[in-house]
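Residue-level structural notes
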Amino acid sequence: ATPSAIANHFHACMQRAAANAYPDSQSPRTARVAYRATFSATGSLTSYSISPSGNGAFDAVANRLGGRCGSVPAPGKPVSLSGGLTFSP
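Residues numbered from 1 in each chain as written. Predicted model: local features only at pLDDT ≥ 70, side-chain atom pairs only at ≥ 80, totals over all residues. Heavy atoms only, no water.

Focus: the packing of helix 1 (residues 3–19) against helix 2 (residues 56–68)
Where helix 1 contacts helix 2, the two axes come as close as 10 Å, and the packing angle between them is 130°. Here helix 1 lies oblique to helix 2, going by the angle between them. By crossing handedness, the relation of helix 1 to helix 2 is classed as right-handed. Counted together, Phe10, Cys13, Met14, Ala17 and Ala18 of helix 1 and Leu65, Gly66 and Arg68 of helix 2 form the full contact between these two elements. The residue inventory of the contact of helix 1 with helix 2, partitioned by class, reads six nonpolar, one polar and one charged. (Axes fitted to C-alpha atoms, helices over the stretch in contact; angles between N-to-C directions. Helix = DSSP H or I, 4+ residues; strand = E, 2+ residues; numbered from the N terminus. Parallel < 35°, antiparallel > 145°, perpendicular 65-115°, else oblique. Left-handed = near helix turned anticlockwise from the far one by under 90°. Contact = heavy atoms within 4.5 Å. Nonpolar A, V, L, I, M, F, W, Y, C, P; charged D, E, K, R; others polar.)

Regarding the packing of aromatic side chains
Tallied over the full model, the rule gives six aromatic pairs. With a centroid separation of 5.1 Å and an interplanar angle of 75°, the aromatic rings of Phe10 and Phe39 are classed as edge-to-face. Separated by 29 residues along the polypeptide, Phe10 in helix 1 and Phe39 in strand 1 (residues 31–39) bring together distant segments of the chain. Here the two residues Phe10 and Phe39 agree in accessibility, since each one is buried. Where Phe58 meets Phe87, the ring centres are 5.2 Å apart and the plane angle is 45°; that geometry is what we call tilted. Of the two residues, Phe58 is situated in helix 2 and Phe87 in strand 3 (residues 79–87); the sequence distance between them amounts to 29 residues. (Phe/Tyr/Trp six-rings, centres within 6.5 Å; stacked < 30°, edge-to-face > 60°. Buried < 20%, exposed > 50% of the residue type's maximum accessible area, 1.4 Å probe, protein only.)

Right, dumping it as structure tokens:
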């Protein structure tokens with residue numbers, strides 16, 4: 001799989017997971033949490049981290065979501081990508 005296909009796959013999974021994990025205590029706020037993910041040649045997630053948004057509730061959810069989307073189509077070589085999750089009510 002190409003790096004852009006992997007990025008699209010992972011980001012789509014993360015955004016779907018974020019839509020289902022909006023922290024009710026934060027309504028009606030919105031937030032964007034940046035992330036960085038690295039995948040092995042076989043497509044397994046090897047590292048995941050976020051850049052804090054300044055809102056602990058959104059950051060905690062974003063931290064948990066990385067594991068839910070922990071595999072992508074095999075890229076054939078290690079791949080790192082970055083993106084952001086947008087939370088909105």
